[in-house]
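Here is what each chain is made of, one letter per residue.
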Amino acid sequence: MTQNMADEIRTKESEARELIASARTEGARLQASARTSAEQAVKEAKQKSHRYFRDKVKEAEAEADTAAQKTVAEGRNEAERFYSGKKSRTAEVADWLVKEVMSTYGN
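Treat the numbers as computed from the prediction; the structure is a model and nothing was measured. (Residues numbered from 1 in each chain as written. Predicted model: local features only at pLDDT ≥ 70, side-chain atom pairs only at ≥ 80, totals over all residues. Heavy atoms only, no water.)

**A word on the environment of arginine 29**
Thought 1: You can see arginine 29 is positioned in helix α1 (residues 2–105).
Thought 2: Under the relative-accessibility criterion, arginine 29 is labelled partly exposed at 46%. (Helix = DSSP H or I, 4+ residues; strand = E, 2+ residues; numbered from the N terminus. Buried < 20%, exposed > 50% of the residue type's maximum accessible area, 1.4 Å probe, protein only.)

**Observations regarding the environment of arginine 17**
Thought 1: The residue arginine 17 is located in helix α1 in this model.
Thought 2: C-alpha separation for the pair arginine 17 and valine 93, spaced 76 residues apart in sequence, amounts to 108 Å.

**Some remarks on the pattern of salt bridges**
Thought 1: Taken as a whole and judged by the stated rule, the model has 5 salt bridges.
Thought 2: Note that lysine 56 and glutamate 59 form a salt bridge whose closest N and O atoms lie 3.7 Å from each other. You can see lysine 56 and its partner glutamate 59 sitting in helix α1, 3 residues apart, about one turn around the helix.
Thought 3: Among the residues examined, lysine 56 registers a relative accessible area of 37% and is labelled partly exposed.
Thought 4: Assessed through its relative accessible area of 41%, glutamate 59 is described here as partly exposed. (Salt bridge = Lys/Arg side-chain N within 4 Å of Asp/Glu carboxyl O.)

**Some points on a nonpolar patch on the surface**
Thought 1: Where nonpolar side chains cluster on the molecular surface, the patch consists of Val93, Trp96, Leu97, Val101 and Tyr105 and spans about 560 Å² of accessible area.
Thought 2: Looking at the element boundaries, valine 101 is found in helix α1.
Thought 3: By relative accessible area, which is 38% here, valine 101 ends up partly exposed. (Patch = residues over 30% accessible without salt bridge, like charges linked within 9 Å, V, L, I, M, F, W, Y side chains within 5 Å. Areas by Shrake-Rupley, 256 points an atom, 1.4 Å probe, with all protein chains shown as cover.)

**Quick look at the packing of aromatic side chains**
Thought 1: As enumerated under the stated definition, the model contains 1 aromatic pair in all.
Thought 2: Judged by centre distance (5.2 Å) and plane angle (75 degrees), the ring pair of tyrosine 52 and phenylalanine 53 falls under edge-to-face. (Phe/Tyr/Trp six-rings, centres within 6.5 Å; stacked < 30°, edge-to-face > 60°.)

These results come straight from atomic positions and should not be treated as a statement about function.
This is the structure we're talking about:
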């Protein structure tokens, strides 16, 4: 009976060790799987954010380009209006300049 009991205890201890080893192996596998999933999720999130910000930068550049072209066109129109407004005075100023040079330096 004592031998039987000792054998049964050894058997149960052996089964318990196997269960513990199996549980550790399963735990390590689950941990590795979770780590891999987390790393993949982080990688995908980084890629998504990179794509998102790259698209936003492209949109901002396009808007800035449109605004710059509009500003340049407005500047050209304003310069043309200024030139047109002052063009009539060119002959008057040139005439005055010639008279001043002639009076200062003579004929």
